[in-house]
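# Structural overview for review
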Amino acid sequence: MRRLELGHINITDIQFGSESKIENGVLYVDEEAVKAIVLEDERIKDCKLDIAKPGESVRITPVKDVIEPRVKVEGRGGIFPGVISKVDTVGEGKTYALKGMAVVTAGKIVGFQEGIIDMTGPGADYTPFSKLNNLVVVCEPVEGIKQHDYEPAVRFAGFRVAVYLGELARELTPDKVEVFETYGIMEGAEKLPGLPRVAYVQMLQSQGLLHDTYVYGVDAKKTLSTIMTPTEIMDGAIVSGNCVSACDKNPTYVHLNNGVVHDLFEEHGKTINFVCQIITNENVYLADKQRSSDWTAKLCRLLDLDGIVLSQEGFGNPDTDLIMNCKKIEAEGVKTVIITDEYAGRDGKSQSLADADVAADAVITGGNANQVIVLPKLDKVIGTLDYVNTIAGGNEHSLREDGTIEVEIQAITGATNETGFGYLSAR
Amino acid sequence: MVKGVEAAGIPVVHMCTVTPISMTVGANRIVPTIAIPHPLGNPALEPEEEYKLRRGLVEKALVALQTEVEDQTIFE
Amino acid sequence: MIKVVHYINQFFAQIGGEEMAHIPAERHDGEVKGPGAAFKAAFKDEAEIISTIVCGDSYFNEHLEEAKSTILAWVKELNPDVFIAGPAFNAGRYGVACGTIADAVQEELGIPAVTGMYVENPGADMFKNKVYTVPTKNSAAGARDAVSKMAPLALKLAKKEAIGASCQDNYMPNGTRVNFFEEKRGSRRAVDMLLKKLADKPFVTEYPMPDFDRVAPNPAVKDISKATIAIVTSGGIVPKGNPDHIESSNASHYGEYDITGVTDLTEATYETAHGGYDPVYANEDSDRVIPVDVLRDMEKEGIIGKLHNKFYTTVGNGTAVASSKAFAEEFSQKLLADGVDAVILTST
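Residues numbered from 1 in each chain as written. Chains lettered and ligands numbered in written order. Predicted model: local features only at pLDDT ≥ 70, side-chain atom pairs only at ≥ 80, totals over all residues. Heavy atoms only, no water.

Helix and strand counts for chain C stand at eleven helices and 14 strands. Rg of the C-alpha trace for chain C: 28 Å, well past the compact-globule value of 20 Å for 348 residues, more than 25% over. Dimensions of chain C, computed from C-alpha atoms along their principal axes, come out at roughly 80 × 50 × 40 Å. Out of the 348 residues belonging to chain C, those deemed buried represent 57%. Once local pairs closer than 6 in sequence are excluded, the contacts in chain C between residues at least 24 apart make up 73%. As displayed, chain C has an accessible area near 14,300 Å², and 51% of this comes from carbon and sulfur atoms. In chain C, 35 positive and 49 negative side-chain charges are present, and the distance between their average locations comes to 6 Å. (Helix = DSSP H or I, 4+ residues; strand = E, 2+ residues; numbered from the N terminus. Rg over C-alpha atoms; globule rule 2.2 N^0.38 Å. Buried < 20%, exposed > 50% of the residue type's maximum accessible area, 1.4 Å probe, protein only. Contact = heavy atoms within 4.5 Å. Areas by Shrake-Rupley, 256 points an atom, 1.4 Å probe, with all protein chains shown as cover. Lys, Arg positive; Asp, Glu negative; His and termini not counted. Charge placed at Lys NZ, Arg CZ, Asp CG, Glu CD.)

Dropping the structure here:
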């Protein structure tokens, strides 16, 4: 048996202070200490910190990643193994998470595809991160840096800050403790006889330099589909290195708090035997797509699964990975529910997915990412509005003279998340 | 888009990497290409080699355009 | 007070069954007939049925144009805020009549309409994408249920309120996807759906898989050495700086660019506007997406007749299928006019 205790340290407010500490639910941040951590990377010229709270008239853009600070209190390894901590298998022992807050990295755009988080107004309804107290790290790159050099610089800076803040909770007593237990293959079959064997198959975005995901520090595009204990992601085994459309990329926060893993655990031992998590990628070569989906189907069969939930990340050609996985896994007799989102056009009348198959008869949708929304002018912008017209979901007229912004919701971070993290749907 | 061109009466060959999507969207003449970010190239090759690779693919496309097809066909 | 005109057939007007299906259209101003009573009750004080129009099912379908123009003239004169037809349940000709007249009222008079019928009624397939159609049971035993769904939808339409998703406002999916917030998050809905699927219990997919239509292949090019070949791409290749501001995702337009005299695309002259893939390789050498260099050489060598002097480009990334179809329709006409014989279309 593998067991992880996840302690919640509730953070109700963030303030700048002379010393970084957590007291009575308030996170005090020593600005200079955090800046020093960010500037450890010579590719970053300067950084600014800011705080955005729920309900404030604040817009954060362009958002790169959202990260929940955590600390490994007991058990092997550390948070973000292979990335920040040394490589070691995580997912057992005790971990504390700072709940109700996040570190948000923002700043000069990396690719086309960075998002918007509004802390109030209609836009706030579409992003799960408007409900958090956010410590925003706005990074500025050194001059002349290439996109793909700057991207990891910002990515790592966010992780370092999150780990630094997580450490502040090491000696605290959690407000709430969740316990997650999983079994070995034989053990589970003996302990939970008669319950359907279920796994979570997670597709990871892995299309290229600005569209990557890292598993224990390994670029997911160079991996074969493989098996994980579902608690490993809670210690940061998977991190985002992603600039696909903001609405349906999985920020690191979503990996740490994966909704499918959480909700399958809720049923574990009651209505299902949650056997494991299977991860697979979404590569740009057809042979890779075929090989990876062959492997997920094969693993599902080897594990004698009865059913799976399959989640996608991104859209377009990954729709093919999604359909290939679904078709092949269903063909193995394993019942499949897929989670995706839609690009049905601004009028909602177009074909939602690039690929389709009759085997995909159980679909959960995160909504139509092309839906247009008008975001009001907000009092304060953290980051810059310079890129609103070129981010995915924007166009040359997005930023209007009166300060309002007309964009598709695909520009909003997490709006149509395909791990089912949000509440948006469509019919 | 490929269907729109075909519907206008112009023979069209679809050169793309993800041939399953091409099949799903209804292209009739399909030539598989190298990779999504560089369908008609391979940055790992020397320029001359890369040109040869591209030329080979275009030749295949011309063959496809000169071949009568009745159904969706992938020209490997 | 919202004004409603209600359309029903001879049977629900209690004129008679099949033997009376031949009666022409009748107009009963100020009268409430058949299911109209239930609508009246459901409207409370918000709306009133100002007129009930009755027509025999056979008459309507056999004298389509005549029936339609008579009824349209009446409805135009009555000028209601909303038009209700049926519910028709599983009565085929009645369903088709309801759909036809409701569609005509909307299209020609600009008055919103709602109808209701059983999902297998042929009228449903014909009109559900044009007129809000509430699914009903297959017999008049489902009248109360049908009215309880049609009445609020009719009021919403009359008040020009935004109509929610089909599952919220109780109409048949009509090909238009509408976003809304669910009560449970997606992951929980996925787990719930899986539990049902595992137990062989019924579940409703949130996105039914579409049927893709097909276009027959055109005849092959006879003599490629005389053919004019054009390049089209969804890979977003544009002159450096993206002069027409083609969006990186869900493009609203396409680009048409002249390549007269261009023999090679270079990092200095072309790039991609596409936001869906790693742009580095395409930006370094756009020939990797559209093979201008190779085709120019083939033109010189006489392998092909001519490379067309314009190429057409858009961004496939997140671009609605309907938009790309519209782009293709438009530029294909230009290609035809320019005497292009064949197209090489590249995608990323």
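Residues and elements named next belong to chain A. Strand order in the open sheet formed by four strands is β7-β8-β1-β12, with mixed pairing between adjacent strands. At either end of the open sheet lies a strand with only one pairing partner, and these are β7 (70-74) and β12 (176-182). Averaged over neighbouring strand pairs, the angle between their axes works out to 25 degrees when direction is ignored. The sheet strands contacting helix α3 (residues 147-167) are β7 and β8 (93-99), and the helix crosses β7 at an angle near 50 degrees. (Pairing = 2+ DSSP bridges. Axes fitted to C-alpha atoms, helices over the stretch in contact; angles between N-to-C directions.)

We now examine unusual backbone geometry. Here the residue pair Thr61 of chain A and Pro62 of chain A is connected by a cis peptide bond, since its omega of -10 degrees sits within 30 degrees of zero. Topologically, Pro62 of chain A is positioned in strand β6 (residues 58-67). Positive phi, close to 55 degrees, is recorded for Phe80 of chain A, a residue that is not glycine. Within the secondary structure layout, Phe80 of chain A lies in the loop between β7 and β8. Given the relative accessible area of 1%, Phe80 of chain A is considered buried. Positioned with a positive phi, Asn242 of chain C is a non-glycine residue whose angle comes to about 50 degrees. Within the secondary structure, Asn242 of chain C sits in the loop between β9 (237-239) and β10 (255-258).

In this section: the interface of chain B and chain C. Each partner contributes to the interface: chain B provides 45 residues, whereas chain C provides 50 residues. Buried surface at the junction of chain B and chain C, summed over both partners, amounts to about 4,000 Å²; 65% is from carbon and sulfur atoms. Together, Met1, Ile10 and Arg55 of chain B form the three largest contributors to the area buried by chain B at its contact with chain C, with a combined 17%. The interface formed by chain B and chain C holds five salt bridges in total. We note a salt bridge from Asp285 of chain C to Arg54 of chain B, for which the minimum N-O separation is 3.9 Å. With nine residues, the top contributor of residues to the side of chain B that touches chain C is helix α3 (residues 47-65) of chain B. A per-class count over the side of chain B that touches chain C returns 24 nonpolar, eleven polar and ten charged. (Buried area = accessible area lost by both parts, 1.4 Å probe. Salt bridge = Lys/Arg side-chain N within 4 Å of Asp/Glu carboxyl O. Nonpolar A, V, L, I, M, F, W, Y, C, P; charged D, E, K, R; others polar.)

We now examine the interface of chain A and chain C. Each partner contributes residues to the interface: chain A has 75 residues there, and chain C has 53 residues. Between chain A and chain C lies a buried interface of about 5,200 Å² when both sides are counted; carbon and sulfur atoms form 58% of it. Of all residues in chain A, the largest losses of buried area upon contact with chain C belong to Gln351, Tyr423 and Arg427 of chain A, amounting jointly to 17% of the total for that side. One salt bridge connects Arg427 of chain A with Glu206 of chain C, and the closest N-O pair in it is separated by 3.8 Å. The interface formed by chain A and chain C holds 30 residue pairs in polar contact (both at pLDDT 80 or more) in total. Where the side of chain A that touches chain C is concerned, the elements lending two or more residues are α2 (122-126), α3, α6 (259-267), β19 (307-311), β20 (335-342), β21 (363-368) and β25 (424-426) of chain A. (Polar contact = N/O pair within 3.5 Å; in protein donor to acceptor, adjacent residues only side chain to side chain.)

Counting 46 residues, the largest nonpolar core has Leu62 of chain B together with Ile344 of chain C as the members making the most contacts within it. Listing elements by their share of this core, those giving two or more residues are β1 (12-16) and α3 of chain B together with β8 (228-233), β9, α10 (292-300) and β14 (342-346) of chain C. Top contributing element to this core by residue count: α3 of chain B, with six residues. Among residues more than four places away in sequence, those in contact with Ile344 of chain C are Val13, Met15, Val58, Ala61, Leu62 and Leu65 of chain B together with Ile229, Ala230, Ile231, Val232 and Leu295 of chain C. In this structure, Phe80, Val83, Val137 and Tyr150 of chain A belong to the second largest nonpolar core, which totals 38 residues. (Core = buried A, V, L, I, M, F, W, Y, C linked by side-chain atoms within 4.5 Å.)

Residue and element names in this part refer to chain A. If you walk across this open sheet you meet the six strands as β16-β18-β13-β19-β20-β21, and the pairing is mixed. Each having just a single partner strand, β16 (226-228) and β21 make up the two edges of the open sheet. Taken pair by pair, the neighbouring strands of this sheet meet at an average axis angle of 20 degrees, ignoring direction. Inspection of the sheet shows β16 paired to strand β18 (residues 273-282) by three bridges, in the antiparallel sense. Residue pairing for β18: Thr226 is matched across the bridge by Ile279.

So, about the pattern of salt bridges. A side chain of one charge can pair with a side chain of the opposite charge when the charged atoms of the two come close. For the coordinates displayed, the defined rule picks out 64 salt bridges over all chains. For Glu49 of chain B, the salt bridge is made with Lys52 of chain B, and the minimal N-O distance between the two is 3.8 Å. In this pair, Glu49 of chain B and Lys52 of chain B are both assigned in helix α3, three residues apart and thus about one turn of the helix distant. Between Glu46 of chain C and Lys159 of chain C there is a salt bridge, with its nearest N and O atoms 2.9 Å apart. Of the two residues, Glu46 of chain C is situated in the loop between α1 (36-43) and β3 (47-55) and Lys159 of chain C in the loop between α6 (143-158) and α7 (166-169); the sequence distance between them amounts to 113 residues. Given a relative accessible area of 37%, Glu46 of chain C falls into the partly exposed group. Judged by relative accessible area, which is 40%, Lys159 of chain C ranks as partly exposed. In this structure, a network of salt bridges that share partners links the residues Glu266 and Glu267 of chain A together with Lys184, Arg188 and Asp192 of chain C.

When you line up the elements, Asp355 of chain A lands in the loop between β20 and β21. Among all residues touching Asp355 of chain A, those that are not within four sequence positions of it are Asp319, Thr320 and Ile323 of chain A together with Pro20, Ile21 and Thr24 of chain B.

A separate point is the domain arrangement of chain C. One can read the domain layout of chain C as domain 1 (2-169) and domain 2 (224-346). A C-alpha centroid distance of 50 Å is found between domain 1 of chain C and domain 2 of chain C. (Domains from an automatic or database assignment.)

Relative to each other, α6 of chain A and helix α8 (residues 186-198) of chain C sit at 45 degrees, their axes nearing to 8 Å. By the criterion of interaxial angle, the relationship of α6 of chain A to α8 of chain C is oblique. Classified by chirality, the crossing of α8 of chain C by α6 of chain A is right-handed. Residue-level inspection shows Gly259, Val260, Asp263, Leu264, Glu266 and Glu267 of chain A of α6 of chain A in contact with α8 of chain C, the latter providing Ser187, Arg188, Val191 and Leu195 of chain C. (Parallel < 35°, antiparallel > 145°, perpendicular 65-115°, else oblique. Left-handed = near helix turned anticlockwise from the far one by under 90°.)

Residues and elements named next belong to chain A. Along the chain, the position of Lys380 falls in strand β23 (residues 380-383). Residue classification places Lys380 among the partly exposed positions, given a relative accessible area of 33%. Separated by 37 residues in sequence, Lys380 and Asn417 have C-alpha atoms that sit 26 Å apart. The contact partners of Lys380, leaving out residues within four places of it in the chain, are Asp50, Ile51, Ser57, Val58 and Arg59.

In this section: the pairing of strand β17 (residues 238-242) of chain A. Residue and element names in this part refer to chain A. Counting buried residues along β17, five of its five residues qualify, which places the element largely inside the surrounding structure. Here β17 shows a buried face lined by Ile238, Ser240 and Asn242 and a second buried face lined by Val239 and Gly241. Bridging between strand β14 (residues 211-215) and β17 involves five bridges; their strand directions are antiparallel. Directly across from Val215, in β17, lies its bridge partner Ile238.

Next up on the list: the side chain of Glu206 of chain C. Position of Glu206 of chain C relative to the elements: it lies in the loop between α8 and β8. In terms of polar contacts, Glu206 of chain C uses its side chain to reach the side chain of Arg189 of chain C, at 2.7 Å. The contacts of Glu206 of chain C, once residues within four sequence positions are left out, are Val363, Ile364, Thr365, Ser425, Ala426 and Arg427 of chain A together with Arg177, Glu182, Arg189 and Met193 of chain C.

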